[in-house]
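Below are the chains, spelled out letter by letter.
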Amino acid sequence: MVLDGNTAGRVTTAIMLFTLLALSSWPQHSVAEPEATSETGHRNTLELPLSATMPNTPGARWLDQVRSRTRPQATGTIAGSPPPSHKTFAQVLDHFDAWQQPELHGNTQDPLAPPTFTQRYLVQDEFWRASKAKLRPIFVFTGAEGGNVEIVRSGYGHVVTMAKTYGALILWLEHRYFGVSKPFGNVSLAPHTDHARFLSVDQALADYAAIIEYERTARNAWANPVMTFGGSLAGTLAGLMRMRFPYLVDIALSSSSPLLGYPGLSNQYVWRKRITDTFQALSAGCPDVVRKGFAGIADLSPAAVSSLYRTCEGPRNDSAAVVQATAWGMLESMGEFVYPASVSPIVAACKRMREAHSPGQVFANLIDTPKSSCFNVTKRASVPVQDKTLAWMYLACTQITHPIQCYGHVPTSQLVCG
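Summary of the structure given here. Fair warning: this is a prediction, and the values are worked out from it, not measured in the lab.

Thoughts on the state of the cysteines
Counting across every chain of the model gives two disulfides. Disulfide partner of Cys 286: Cys 350, at an S-S distance of 2.0 Å. The disulfide joining Cys 286 to Cys 350 has a torsion of about -90° about its S-S bond and is therefore left-handed. Remark: Cys 350 occurs in helix 13 (residues 346-354) and Cys 286 occurs in helix 10 (residues 286-298); sequence separation between them is 64 residues. Cys 350 shares its class with Cys 286; the two are buried. The disulfide partner of Cys 312 is Cys 374, and the gap between their sulfur atoms is 1.9 Å. Across the disulfide from Cys 312 to Cys 374, rotation about the S-S bond amounts to roughly 100°, and the bridge is consequently right-handed. Placement of the pair is Cys 312 in the loop between helix 11 (302-308) and helix 12 (319-336) and Cys 374 in the loop between helix 14 (362-367) and helix 15 (377-381), with a sequence separation of 62 residues. On the accessibility criterion, Cys 374 (33% relative accessible area) is partly exposed.

Right, dumping it as structure tokens:
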């Protein structure tokens, strides 16, 4: 099955739609409606094109209300609310090995006990405590490659607003091997070790199930509905939690999640076509300018790159590749976070690129190195790989093998798509 661009853009909401029936008992709570605020550059995280076919249940009506409301500020807090509290959980290192390998984390008091590591999560409960409703919902963020959950939560302000509306508890869970939730500390992904074998989607889902079970038991909240949520890989995990643990999770808010992003199941060009279409919608003709930029930088000599881009080091053979990588990262980032258009950087970036005097200068105008500075090729070419990047790369090479390509069948790692 191959999905066209329109279908692929919507299929990720299917998991949310087919779980709505499970929320037929979710009541509308009498909590004051928040005042809608202006948007910042947050991605479009809620798209329900099939709402006309939703059942007339409280859960469906709740999602319809959220869908029709102006999206709030993209921050993980509401003015005046306290920060979430930090909690840790003694998480089982290996949920699937019956032998448990106790020698990894030796427990001298109980040598047969399974090895554990300390997993961090945050608890935001001010709305839960303030609500008088009996069946207050529990929202669970299924953390992923974003890393430090304290930072990542700032992008989910719309969920915090929903939590205030419905008196919900929010659990912000940090993925194993990311942030501070590292089973083997700073050597969790060290070379010449086998520590990485405990990093997998399956282990992460089991982690989250254990924490949800613990919190529901501790709060006597087994009658309270649970919604997992997240975007990108976190969105995939949110959907998989509903599928893998239906007794724990009632609904999944799964945003921009490539649940079918595997060879033979989806169009490998759809994601970047969406990025291209976004640039075209906000600045007509800009994609053609970008294509000229890629062609132009490929034609420049190292000396010309050094001159046009004011590199700090002088001519280098890898300067053009570093410029391409820098431009590519900027363009894709702009294409992901575009709402509303009034705060999108796309319009200004396209204007700068159009003012280039030659194709080779297009990306110089995009990068826009300050006149008082220079473009440091050496620094950009030798940026130390962070632990969260290593962890993501491991997942991307073992399980999250999404085929994202550009036209011409050029692997993205070569960064020459145009």
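Let's talk about the pattern of salt bridges
All chains considered together, the criterion is met by 13 salt bridges. Put simply, Arg 244 and Asp 202 hold a salt bridge, and the shortest N to O gap is 3.6 Å. Separated by 42 residues along the polypeptide, Arg 244 in helix 8 (residues 233-244) and Asp 202 in helix 7 (residues 201-218) bring together distant segments of the chain. The class for Arg 244 is partly exposed, based on a relative accessible area of 43%. Of the charged contacts in the structure, one is a salt bridge between Asp 288 and Arg 291, with a shortest N-O distance of 2.9 Å. Taken together, the residues span about one helical turn, with Asp 288 and Arg 291 both in helix 10 at a distance of three residues. Here the salt bridges share partners, and the residues they tie into one network are Lys 87, Glu 215 and Arg 219.

A few points about the sheet that holds strand 6 (residues 251-255)
Strand order in this open sheet of six strands is 1-2-4-3-5-6, and the pairing throughout is mixed. Two strands close off the open sheet at either side, each with one partner strand: strand 1 (85-92) and strand 6. When strand polarity is set aside, the average angle formed by the axes of neighbouring strands in this sheet is 25°. In this sheet, strand 4 (residues 169-173) lies alongside strand 2 (residues 116-124) in antiparallel orientation, the contact comprising four bridges. Each bridged residue has a counterpart across the sheet, and for Tyr 121 the counterpart in strand 4 is Leu 173.

Side note on the packing of aromatic side chains
One pass over the structure, following the stated rule, counts eleven aromatic pairs. Geometrically, the ring pair formed by Phe 294 and Trp 328 is edge-to-face, given 5.3 Å between the ring centres and 65° between the ring planes. Within this pair, whereas Phe 294 is found in helix 10, its partner Trp 328 is found in helix 12, the two being separated by 34 residues in sequence. Just as Phe 294 is buried, Trp 328 falls in that class too. Following the ring pairs from residue to residue traces out a cluster consisting of Phe 141, Tyr 156, Trp 172 and Phe 229. Over the face of the ring belonging to Trp 128 we find Arg 136, whose NZ or CZ atom lies 4.2 Å from the ring centre.

Overview of unusual backbone geometry
Here the phi dihedral of His 192 falls at roughly 65°; this positive angle occurs in a residue that is not glycine. Relative to the assigned elements, His 192 resides in the loop between strand 4 and helix 7. Classification of His 192 as exposed rests on a relative accessible area of 86%. The phi dihedral of Asn 220 falls on the positive side, at around 50°, and the residue is not glycine. By secondary structure assignment, the location of Asn 220 is in the loop between helix 7 and strand 5 (226-231).

Comments concerning the pairing of strand 6
When you tally the buried positions in strand 6, you get five out of five residues, the bulk of the element. Examined bridge by bridge, strand 5 and strand 6 share five bridges and lie parallel to one another. Looking across to strand 6, one finds that Thr 228 is bridged to Ala 252.

Regarding the packing of helix 10 against helix 13
Here helix 10 crosses helix 13 at 55°, and the two axes come no closer than 10 Å. By the angle between their directions, the pair helix 10 and helix 13 is classed as oblique. Classified by chirality, the crossing of helix 13 by helix 10 is left-handed. In contact with Cys 286, Val 289 and Val 290 of helix 10, helix 13 contributes Cys 350, Met 353 and Arg 354. Its residues assigned to classes, the contact of helix 10 with helix 13 comprises five nonpolar, no polar and one charged.

Here's the deal with the environment of Arg 216
Note on placement: Arg 216 falls in helix 7. Within the structure, Arg 216 has its side chain in polar contact with the backbone oxygen of Asn 224 (distance 2.8 Å).

Here is what the cut-offs are and how they apply
Residues numbered from 1 in each chain as written. Predicted model: local features only at pLDDT ≥ 70, side-chain atom pairs only at ≥ 80, totals over all residues. Heavy atoms only, no water. Disulfide = S-S within 2.5 Å. Helix = DSSP H or I, 4+ residues; strand = E, 2+ residues; numbered from the N terminus. Buried < 20%, exposed > 50% of the residue type's maximum accessible area, 1.4 Å probe, protein only. Salt bridge = Lys/Arg side-chain N within 4 Å of Asp/Glu carboxyl O. Pairing = 2+ DSSP bridges. Axes fitted to C-alpha atoms, helices over the stretch in contact; angles between N-to-C directions. Phe/Tyr/Trp six-rings, centres within 6.5 Å; stacked < 30°, edge-to-face > 60°. Lys NZ or Arg CZ within 6 Å of the ring centre and 35° of its normal. Parallel < 35°, antiparallel > 145°, perpendicular 65-115°, else oblique. Left-handed = near helix turned anticlockwise from the far one by under 90°. Contact = heavy atoms within 4.5 Å. Nonpolar A, V, L, I, M, F, W, Y, C, P; charged D, E, K, R; others polar. Polar contact = N/O pair within 3.5 Å; in protein donor to acceptor, adjacent residues only side chain to side chain.

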